[in-house]
Structure formats: structure tokens, C-alpha cells
Amino acid sequence: MTTVRTVLGDVDPADLGVCDAHDHLFLSSPQLPGQELNDGAAARAELEAFRAVGGSAVVQWTPYGMGRRVADLPQLSRATGVHIVCATGLHQAAHYAPEVLEAVRRKPADVFVSELTDGVGTSGVRAGLIKVAGGFHSLDAHARWTMAAAAEAQRVTDAPIAVHLELGTGALDVLDLLCGELGVPPHRVILGHLNRSPDLVAQRQAAKSGCWLAFDGPSRVNHATDWRMPDAVRALAEAGFGHRLLLGGDTVVAGARSVDGGPGMPYLLRRVRPRLALDLGEELTDRVLTENPARAFAVEWR
């Protein structure tokens with residue numbers, strides 16, 4: 001039996017509903033000083049705003065050591081009625097103080113497995129996916145070490161691996177490593193930020209592997225690629241890959257939340273959804289927001 005592992009426990013994939021497949025309620029990084037997502041009241045308000053426009057599930061890709069505030073997530077889920085899936089894993093080395101990485105240096109796979117099966121720290125909340133990251137058109141030693149640990153944890157648990165592609169690049173290198181060298185089944189890999197590098201050929205090559213393709217935004221930094229996203233999604237759907245597409249908001253700084261004046265989580269359903277429906281049709285757009293994430297994050301947990 002497959003289930004989606006949420007912060008309140010495992011749920012039937014059919015019950016996940018309309019899903020923001022890549023976002024953040026809490027996140028902190030030395031790369032984003034003063035822009036932390038660390039306000040519990042704002043997180044609740046953002047979830048309520050998402051719920052008000054028809055959202056019912058959010059997958060938080062914030063990994064180990066980046067201010068996940070996992071212990072706060074169950075109450076937020078109960079209070080808002082929104083399913084929340086949280087992540088284990090590691091981001092790029094630049095997002096951590098050296099001592100944080102040193103704490104998991106010896107056996108990162110054991111940390112990932114423990115957080116997926118036993119729970120994060122003393123919270124009792126279990127993660128539902130593994131988050132890792134590549135570099136700009138490259139995979140450095142940290143990325144390879146992290147992905148090797150993620151692949152080991154994936155073999156033990158069958159959890160999906162979600163990959164931050166730096167500016168949307170390096171998808172094929174990631175697939176060569178995870179699925180080629182490390183043996184991760186392609187359907188367990190989710191490539192994020194593909195909208196940030198609108199290379200239709202590379203996107204189609206990645207899709208042919210059988211992995212999931214996540215388009216997330218909008219992004220102020222990468223605004224020039226936002227308006228190209230519908231064309232990329234339509235091209236993939238027309239090529240027969242509509243069943244492998246995911247959509248998310250990827251709110252990473254406080255100013256991007258809707259409750260702080262940004263687009264935030266509601267924008268995904270308020271503006272992105274109707275825009276895509278013009279190109280893909282209502283039926284496929286609904287499947288991308290419901291059936292696809294239900295399959296992408298459903299696991300026969302080991």
C-alpha cells in the first residue's frame with residue numbers, strides 16, 4: 001500500500017488534493033540574511049490564504065539544518081486543514097555553517113533514514129521526501145556526497161528525492177549520477193526549478209528518463225523565465241509527458257509571502273493555474289495539481 005507521509009501521519013494519496021508540490025513555510029540560510037521565513041503566524045496566514053483559493057497540500061522542501069521548525073508543522077496543519085509534507089536531506093554547502101555539516105558528516109544516510117522513519121529530532125514528525133541540490137551546470141564534491149547518501153536512504157525507504165537545480169541547470173548530470181551511477185529509479189527523482197533554464201531540449205531529455213519535472217515560481221530573480229514557463233509545460237505535455245509534471249510556488253524569503261505583499265502560495269492557484277489551463281486545458285491542469293503530486297510523493301514505505 002502506498003501512502004504520502006505528512007506531518008500528521010501517512011495519508012491515502014487520493015486524499016492529498018490540490019497540491020503545491022514545492023514550497024517553504026520556514027527557511028533560513030546564511031545566504032539570505034534578514035530574509036528568513038521564521039514567523040509562525042505568517043506561515044499560518046499563508047496556509048490559510050492558500051486554502052481559501054482551493055489548496056489542500058503543501059510540500060516543504062526545506063532540508064536538514066535550514067530552520068525547518070518541524071515541531072510547529074503539525075499544529076499548522078491541524079489549524080488550517082492543509083496537508084504538509086516535510087523534507088530531510090541537505091542543500092548546497094554554502095547554506096550551512098561548517099559545524100552544522102560536521103554534525104552529519106560521517107553518516108548522512110543514517111540521518112536521512114532516521115528522519116524518514118523515526119522522526120525529526122524529538123518531534124516525532126517524519127519526513128516524506130529527501131531534498132538535495134546540484135550546482136550551476138555542475139556537481140561538486142558536496143553534491144555528489146549528498147546525492148550518494150540520498151540514494152542510500154532512498155534504497156532503504158523508497159522515499160522520493162527532490163533536487164534543487166541551480167538556476168534550472170544540470171538536470172542531465174543529476175540523472176546520470178542518481179539514476180545511472182547510484183541506481184535510483186527515475187520515478188523516485190523530482191527535478192526542481194526547471195522553469196529557470198527554459199531549454200526545451202534538455203527538459204525533454206530529462207522527461208524521457210521517467211523522472212518528475214517540477215516548475216516552480218514566480219521568481220523575481222529569474223523573472224525573464226517566468227513568462228516562458230507555460231510554453232515549456234505545453235511543449236512537454238504535447239510530447240506526452242503531461243503525467244510527469246508538477247507545479248509549486250517556492251516561496252523562499254519573507255517578502256515573497258502573499259501575507260507580506262508578495263505572490264506567495266495562493267498565486268499558484270489564483271494566476272498560474274488559469275494561465276496554464278489556457279494552454280493545457282482544465283483537465284490536464286487539474287491532473288498536474290492533484291493526480292501527479294499524489295503519485296510523485298506516494299511511497300510504499302519500507
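Scope of this entry: the structure provided in the associated data block. Fair warning: this is a prediction, and the values are worked out from it, not measured in the lab. (Residues numbered from 1 in each chain as written. Predicted model: local features only at pLDDT ≥ 70, side-chain atom pairs only at ≥ 80, totals over all residues. Heavy atoms only, no water.)

### A short note on the overall build of the protein chain
Step number 1: When its secondary structure is counted, the protein chain shows twelve helices and eleven strands.
Step number 2: Judged by the C-alpha coordinates and their principal axes, the protein chain covers about 50 × 40 × 40 Å.
Step number 3: Here the protein chain has roughly 11900 Å² of accessible surface; of this, 51% comes from carbon and sulfur atoms. (Helix = DSSP H or I, 4+ residues; strand = E, 2+ residues; numbered from the N terminus. Areas by Shrake-Rupley, 256 points an atom, 1.4 Å probe, with all protein chains shown as cover.)

### Considerations on the environment of V125
Step number 1: In this structure, V125 sits in the loop between α4 (108-117) and β7 (129-133).
Step number 2: Apart from residues lying up to four places away in sequence, V125 is in contact with V7, V70, P74, C86, E115, G119 and V120. (Contact = heavy atoms within 4.5 Å.)

### Remarks on the pattern of salt bridges
Step number 1: Across all of its chains, the model carries 15 salt bridges by this definition.
Step number 2: When salt bridges with common partners are traced through the structure, they connect D231, R234, E238, R275 and D279 into a single cluster. (Salt bridge = Lys/Arg side-chain N within 4 Å of Asp/Glu carboxyl O.)

### Thoughts on unusual backbone geometry
Step number 1: The omega torsion of the bond from G217 to P218 falls at 10°, within 30 degrees of zero and hence cis.
Step number 2: By secondary structure assignment, the location of P218 is in the loop between β10 (212-216) and α8 (223-226).
Step number 3: If you check the backbone angles, H193 has positive phi at about 70° while not being a glycine.
Step number 4: Looking at the secondary structure, you find H193 in the loop between β9 (189-192) and α7 (200-208).

### Some remarks on the packing of aromatic side chains
Step number 1: Applying the stated criterion to the full structure yields zero aromatic pairs.
Step number 2: Lying over the aromatic face of W145, R105 brings its terminal NZ or CZ to 4.5 Å of the ring centre. (Phe/Tyr/Trp six-rings, centres within 6.5 Å; stacked < 30°, edge-to-face > 60°. Lys NZ or Arg CZ within 6 Å of the ring centre and 35° of its normal.)

### Section: the nonpolar core
Step number 1: With 75 residues, the main nonpolar core has I130, V163, L191, L213 and F215 as its most contacted residues.
Step number 2: If you look at the next biggest cluster of nonpolar residues, it comprises 19 residues, including V11, A87, L246 and A296. (Core = buried A, V, L, I, M, F, W, Y, C linked by side-chain atoms within 4.5 Å. Buried < 20%, exposed > 50% of the residue type's maximum accessible area, 1.4 Å probe, protein only.)

### Side note on the side chain of T285
Step number 1: Structurally, T285 can be placed in helix α11 (residues 282-289).
Step number 2: Classification of T285 by relative accessible area gives buried; the value is 1%.
Step number 3: With near-sequence residues (within four places) excluded, T285 lies in contact with R273, L276, A277 and L280.

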